[in-house]
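Secondary and tertiary structure notes
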Amino acid sequence: MDKLLIAGGQKLQGRVKVSGAKNAALALIAAAVLAEGETVLENVPRIADVEVLLHILDDLGAKVSWLEENTLALNIPAAVGIATPYNLAKRLRASNLLLGPLLSRRGEAQVPLPGGCNIGTRPMDLHLKGLQALGAAIELEHGYVKASGSPQGNRVYLDFPSVGATENIMMAATRAQGITVIENVAKEPEIVDLANFLNAMGAKVRGAGTDLIKIEGVPELHGTRYSVIPDRIEAGTMMLAAAITGGNVVIQNVINRHLQPIIAKLQETGAQVIEGEGELQVIGTAEIKPTDIKTLPYPGFPTDMQSQMMALLSLSQGTSVIVETVFENRLQLGEELKRMGANIKVEGQTAVVIGVEKLYGAEVKACDLRSGAALVLAGLAAEGETSINQVHLIDRGYEKLEEKLRSLGADMRRISVD
Ligand code: UD1
């Protein structure tokens, strides 16, 4: 078990490069099993979630190798396995993204039911309804979901624009017979990246990034070479690191369009954001203004940035209201920030954040990936030393976080504890 120790108070300065997007990379790696042969993915972040998914692929018989630091080769056999093992899949919810592709490739697939997780119940009902609409038989047995049948094109309406359900159904439909139309789909940039990747593999997916995706089934897909989009949540986290420390940081390798919901809110807090070509500069202010946040599916404010925003607003000069509408258990960070002197009241899905003048270093723990990142931000701004436990949760989704923040002047280190 590792801990992060942060001595707060440094204003971050300099340039930092954002890694490939975790959520896009996971979907693309799952999608690679749709084709026999080699697929090469560039700009893949070396994070724990990716490593776990690669272990699962290895278990399914794929040959996995890193060609360069962030370039991954996946060699998928003709008879790729159909069942993902519980001991690996329980470590990564996104492993359920293999259900659609494996069903499509092999006519049967089995993944463990995800169970609850730290941020909410996160069921799979929309994934399963969609696959059923494509003609799959679904059985829930002994904690596993089994899907069988060969997908046929159909109309699917999602009750909620779930990212994972959109991805699973889209992948299952690529090799289905006939045309599939999915309505009320998620519009996140990672969905568009997956559609572009599938098209590079020979699929015919249209409409990604809008409410309706149309997929014309093709008999076969082929391996390809493709580069993952930059991680908008890592970019947002770095933007807030600059803002919360009153620093001045240029964030490189970003797609500005993907960051508009975050840029808009950050500007409301008084930070200056200067957009350049593939990069943006954030200049923090000593007087952080309060603002209200409501998380929503893209292009609304991302739930994956809500925790980091709570950390920033805890130092604002006024009262902010945060409403979390996507996950039901994502405001628990308030209790950890209170250990650092924040004044936060959580009632159901709403947090009232009354800004305080200072945060103070304390022993705290990450509850999930993004709350861990938020505690790092709070630690960077706090007076004294912050010690963050459960760092493995942060390692799930941030590549070289300490290295990057240290290069900007942060005083932080990792220690191993028994
Ligand atoms: C993905 C992202 C995660 C992000 C989330 C929302 C990955 C690997 N993870 O998660 O970082 O926070 O999108 O942007 O891409 N739901 C159902 N039934 C379902 C599916 C979802 O009720 O079948 C609910 C969930 O419980 C949750 C909401 O819908 O309350 C959003 O979930 P979803 O969009 O599916 O998120 P994930 O794909 O799990």
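Notes on the structure in this doc start here. Note that the structure is predicted; figures quoted are calculated from it, not measured. (Residues numbered from 1 in each chain as written. Predicted model: local features only at pLDDT ≥ 70, side-chain atom pairs only at ≥ 80, totals over all residues. Heavy atoms only, no water.)

**Digging into the site of the ligand**
Close to the ligand lie 18 residues; Asp125, Leu126, Ser162, Asp304 and Val326 are nearest. A distance of 2.7 Å is found between an oxygen atom of the ligand and a backbone nitrogen or oxygen belonging to Leu126. Val163 places a main-chain nitrogen or oxygen 2.8 Å from an oxygen atom of the ligand. If the ligand stood free it would expose 740 Å²; the protein chains cover 86% of that surface. Every element with two or more residues in the shell around the ligand is listed here: α5 (125–133) and α6 (163–173). Broken down by element, the shell around the ligand gets its largest block of residues, 3 residues, from α5. When grouped by side-chain class, the residues that make up the shell around the ligand number 8 nonpolar, 5 polar and 5 charged. For the shell around the ligand, the domains that each give at least three residues are domain 1 (2–19 + 230–416) and domain 2 (22–227). (Near = heavy atom within 4 Å. Polar contact = N/O pair within 3.5 Å; in protein donor to acceptor, adjacent residues only side chain to side chain. Areas by Shrake-Rupley, 256 points an atom, 1.4 Å probe, with all protein chains shown as cover. Helix = DSSP H or I, 4+ residues; strand = E, 2+ residues; numbered from the N terminus. Nonpolar A, V, L, I, M, F, W, Y, C, P; charged D, E, K, R; others polar. Domains from an automatic or database assignment.)

**Quick word on the packing of α6 against helix α7 (residues 189–200)**
Interaxial distance between α6 and α7 falls to 10 Å at its minimum, and their mutual angle equals 10°. Between α6 and α7, the crossing angle belongs to the class labelled roughly parallel. On the side of α6, the interface is formed by Val163, Thr166, Glu167, Met170 and Met171, while α7 contributes Glu190, Ile191, Leu194, Ala195 and Leu198. In the contact of α6 with α7, the residues fall into 7 nonpolar, 1 polar and 2 charged. (Axes fitted to C-alpha atoms, helices over the stretch in contact; angles between N-to-C directions. Parallel < 35°, antiparallel > 145°, perpendicular 65-115°, else oblique. Contact = heavy atoms within 4.5 Å.)

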